[in-house]
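Okay, here's what each chain looks like letter by letter:
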Amino acid sequence: MSICQKFDNTPYQNAQTARRNMIEHTDLVPVSCVYLFQLFPFSIAFDRTMTIREVGEKSRELFGGEEMVGLPVETFFLMHRPRVAFTWDNIYILQKVVVELECLNSHFTKHTICDRRNSASTRNLLLKGQMRLIEEWDAIIYLCVPL
């Protein structure tokens with residue numbers, strides 16, 4: 001004995017197609033870098049040479065107003081997670097991964113810094129966020145918040 005059921009699923013399929021089309025054709029308005037740095041005041045932007053191009057207000061305050069632009073990122077930050085080398089190529093590949101950076105030599109540093117990637121805990125400020133490529137700048141911006 002076999003039972004054959006006929007169910008008209010076209011309304012659902014049409015709604016799904018319309019939703020997919022709406023998502024594909026929705027253009028987001030470009031956001032000015034001024035707003036990005038206001039929304040994420042701990043943000044850092046750096047170029048292919050891993051040189052800082054711009055920093056948010058709180059990142060600047062964190063290092064006592066010290067001029068950070070034009071200096072290497074590694075001067076101020078250590079990649080805490082993921083545990084890979086802090087290079088342009090690695091960051092470009094890991095754009096969709098949550099990244100933690102440890103602040104080095106800031107006014108809030110509790111003790112001297114050495115390479116502590118293998119330590120279970122840290123007393124320095126950690127920033128957690130995502131690295132995103134900004135093609136217009138040919139730079140990566142780290143949109144982050146403190147932990």
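Just so you know, these numbers come straight off a predicted model, no measurement behind them.

### Observations regarding the environment of Val97
Phase 1: Mapped onto the secondary structure, Val97 falls in the loop between helix H4 (88–93) and strand E4 (98–103).
Phase 2: Taking C-alpha positions, Val97 is 8.5 Å from Gly129, a pair spaced 32 residues apart along the chain.
Phase 3: Residues within four places of Val97 in sequence aside, it is in contact with Pro82, Gly129 and Gln130.

### Considerations on a nonpolar patch on the surface
Phase 1: Residues Val31, Tyr35 and Leu39 make up a contiguous nonpolar surface patch of about 340 Å² in total accessible area.
Phase 2: Overall, the relative accessible area of 62% leaves Leu39 in the exposed class.

### Section: the environment of Trp137
Phase 1: Within the secondary structure layout, Trp137 lies in the loop between strand E5 (126–134) and strand E6 (139–146).
Phase 2: A residue is classified by how much of its surface remains accessible, and Trp137, at 25% relative accessible area, is partly exposed.
Phase 3: Separated by 91 residues in sequence, Trp137 and Phe46 place their C-alpha atoms 9.4 Å apart.
Phase 4: With sequence-adjacent residues up to four places away left out, Trp137 is seen in contact with Cys33, Phe37, Ala45 and Arg53.

Parameters at a glance
Residues numbered from 1 in each chain as written. Predicted model: local features only at pLDDT ≥ 70, side-chain atom pairs only at ≥ 80, totals over all residues. Heavy atoms only, no water. Helix = DSSP H or I, 4+ residues; strand = E, 2+ residues; numbered from the N terminus. Contact = heavy atoms within 4.5 Å. Patch = residues over 30% accessible without salt bridge, like charges linked within 9 Å, V, L, I, M, F, W, Y side chains within 5 Å. Areas by Shrake-Rupley, 256 points an atom, 1.4 Å probe, with all protein chains shown as cover. Salt bridge = Lys/Arg side-chain N within 4 Å of Asp/Glu carboxyl O. Buried < 20%, exposed > 50% of the residue type's maximum accessible area, 1.4 Å probe, protein only.

Function-wise, these values are silent; they only describe arrangement.
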